[in-house]
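Listed below are the residues making up each chain.
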Amino acid sequence: MTTDHSPLHDPERAAGQWTPPLDMALDLARETLAEQQQANIYDDRAMLGAAVALEIRLRNLLDALDAEAGR
């Protein structure tokens, strides 16, 4: 039995995407965290949306840190 799925993150698709400067990535991460902190923990769709939004911002933040460190 096989299950087809689309991963949340696909490194091949993400290659070459724009990386925000670190100060912008920090601001966006804080903004997204503030937006998502009010999500209803009992609402599956709200939790899924929060998880995806925060995962994207975390990836942006790590990419910005790596870029600033020259990695």
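Every value quoted in this text rests on a predicted model; they were computed, and no experiment measured them. (Residues numbered from 1 in each chain as written. Predicted model: local features only at pLDDT ≥ 70, side-chain atom pairs only at ≥ 80, totals over all residues. Heavy atoms only, no water.)

**Section: helix α2 (residues 22-36)**
An α-helix turns once per 3.6 residues; consequently, residues spaced three or four apart project the same way. Here α2 is 15 residues long and its end C-alpha atoms lie 21 Å apart, about the 21 Å a rise of 1.5 Å per residue gives. Listed as buried for α2 are L22, A25, A29 and T32. Viewed end-on, α2 has its buried residues packed into an arc of 90°, placing them on one side of the element. Along α2, exposed side chains directed more than 90 degrees from the buried face belong to D23 and R30. Contact partners of the buried residues in α2: α3 (44-69). (Helix = DSSP H or I, 4+ residues; strand = E, 2+ residues; numbered from the N terminus. Expected span 1.5 Å × (residues − 1). Buried < 20%, exposed > 50% of the residue type's maximum accessible area, 1.4 Å probe, protein only. Arc of directions from axis to C-beta. Contact = heavy atoms within 4.5 Å.)

**Quick notes on the pattern of salt bridges**
Taken as a whole and assessed by the stated rule, the structure comprises one salt bridge. For the salt bridge of E55 with R59, the shortest nitrogen-to-oxygen distance reads 2.4 Å. Taken together, the residues E55 and R59, both in helix α3 and four residues apart, mark about one turn of the helix. (Salt bridge = Lys/Arg side-chain N within 4 Å of Asp/Glu carboxyl O.)

**A short note on α3**
Counted at 1.5 Å a residue, the expected span for α3 with its 26 residues is 38 Å, and the 37 Å between its end C-alpha atoms agrees. Within α3, the full set of buried residues consists of A50, A53, E55, N60, L61 and A64. On its buried face, α3 sits against α2. Taking the backbone nitrogen of R45 as reference, a side-chain oxygen 3.0 Å away marks D43 as the first, capping residue of α3. G70, located one to two residues past α3, shows a positive phi value of around 75°. (Polar contact = N/O pair within 3.5 Å; in protein donor to acceptor, adjacent residues only side chain to side chain.)

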